[in-house]
Amino acid sequence: MTIRFILLVNRQGQTRLAQYYEYLSIEERRALEGEIVRKCLARTEQQCSFVEHRNYKIIYRRYASLFFLVGVDGDENELAILEFIHCVVETLDRYFGNVCELDIMFHLEKAHFMLEEMVMNGCIVEINKQNILTPIQLMDKTSNPQFKLPLSSSAFSVF
């Protein structure tokens with residue numbers, strides 16, 4: 001599968017997370033995001049979740065106040081991408097506990113890290129939620145102030 005970009009957007013059209021797997025300049029990204037977001041947010045719930053825009057196929061889904069938009073090549077399987085979006089949401093839910101826009105805003109680096117664990121160079125490489133979350137949970141443990149490394153020199157002695 002070739003994913004070109006992943007966007008998380010709120011109902012007002014503000015991008016909360018953007019991950020690109022091909023090079024686009026800042027101006028191109030801004031223009032592309034604006035066009036896609038306007039096009040997807042203007043659609044009703046009765047319309048399908050697939051939109052063709054330029055040379056991309058956009059698959060999107062709304063969860064609560066966030067829209068998850070994935071841009072792929074034109075020959076990708078739309079239902080597989082919808083399943084991937086659902087897996088992303090379930091992973092975020094498992095970590096944050098009913099993920100919301102504020103979780104993404106205040107923990108953007110963790111959301112990016114989860115996506116990086118799931119997608120590499122535009123290809124989905126991992127969908128097992130536990131495998132995705134284990135490195136983040138380990139980082140959380142080591143950054144926790146209760147986790148302390150021994151500071152005495154005897155901890156490093158060979159004897």
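Residues numbered from 1 in each chain as written. Predicted model: local features only at pLDDT ≥ 70, side-chain atom pairs only at ≥ 80, totals over all residues. Heavy atoms only, no water.

1. A short note on the pattern of salt bridges
Part 1: For the structure on display, the rule yields eight salt bridges.
Part 2: Taking the shortest distance from any N to any O, the salt bridge between Arg 62 and Glu 45 comes out at 3.6 Å. You can see Arg 62 sitting in strand E4 (residues 56-63) and its partner Glu 45 sitting in the loop between helix H1 (26-41) and strand E3 (50-53), a full 17 residues away along the chain.
Part 3: With relative accessibility at 36%, the residue Arg 62 sits in the partly exposed group.
Part 4: In this structure Glu 45 comes out as exposed when scored by relative accessible area, which is 71%.
Part 5: Among the ionic pairs, Lys 57 bridges to Glu 78, the shortest N-O distance being 2.8 Å. Of the two residues, Lys 57 is situated in strand E4 and Glu 78 in helix H2 (residues 78-96); the sequence distance between them amounts to 21 residues.
Part 6: Within the structure, one salt-bridge network assembled from shared partners comprises Arg 4, Glu 22 and Asp 73. (Salt bridge = Lys/Arg side-chain N within 4 Å of Asp/Glu carboxyl O. Helix = DSSP H or I, 4+ residues; strand = E, 2+ residues; numbered from the N terminus. Buried < 20%, exposed > 50% of the residue type's maximum accessible area, 1.4 Å probe, protein only.)

2. Considerations on the nonpolar core
Part 1: The biggest cluster of nonpolar side chains holds 31 residues, and the ones touching the most others in it are Ile 3, Ile 6, Phe 68, Ile 85, Leu 92, Ile 104 and Met 114.
Part 2: Only strand E1 (3-10), E4, strand E5 (66-72), H2, helix H4 (108-118) and helix H5 (129-143) provide two or more residues apiece to this core.
Part 3: Counting residues per element, this core draws most heavily on H2, at ten residues.
Part 4: Residues contacting Phe 68, with those up to four places away along its chain left out, are Leu 7, Leu 8, Ile 59, Tyr 60, Arg 61, Tyr 63, Ile 85, Val 88, Val 89 and Leu 92.
Part 5: Ranked by size, the runner-up nonpolar core spans 15 residues in total, among them Phe 5, Val 9, Tyr 56 and Tyr 60. (Core = buried A, V, L, I, M, F, W, Y, C linked by side-chain atoms within 4.5 Å. Contact = heavy atoms within 4.5 Å.)

3. Considering the pairing of E4
Part 1: Buried residues dominate E4, accounting for six of its eight residues.
Part 2: Two strands pair when backbone bridges link them, and E3 and E4 are joined in this way by four bridges, in the antiparallel orientation. Residue Glu 52 lies in a different strand from E4, and its bridge partner there is Lys 57.
Part 3: Taking the residues that link successive antiparallel strands as the turn, the E3-E4 hairpin has two residues, and the phi of Arg 54 there is positive, at about 50 degrees. (Pairing = 2+ DSSP bridges.)

4. As for the side chain of Asp 103
Part 1: Among the structural elements, Asp 103 can be located in helix H3 (residues 101-106).
Part 2: Although Asp 103 is buried, it makes no salt bridge; Lys 110 carries the closest opposite charge, 10 Å away.
Part 3: For Asp 103, the residues in contact, after removing those within four places along its chain, are Phe 96 and Asn 98. (Lys, Arg positive; Asp, Glu negative; His and termini not counted.)

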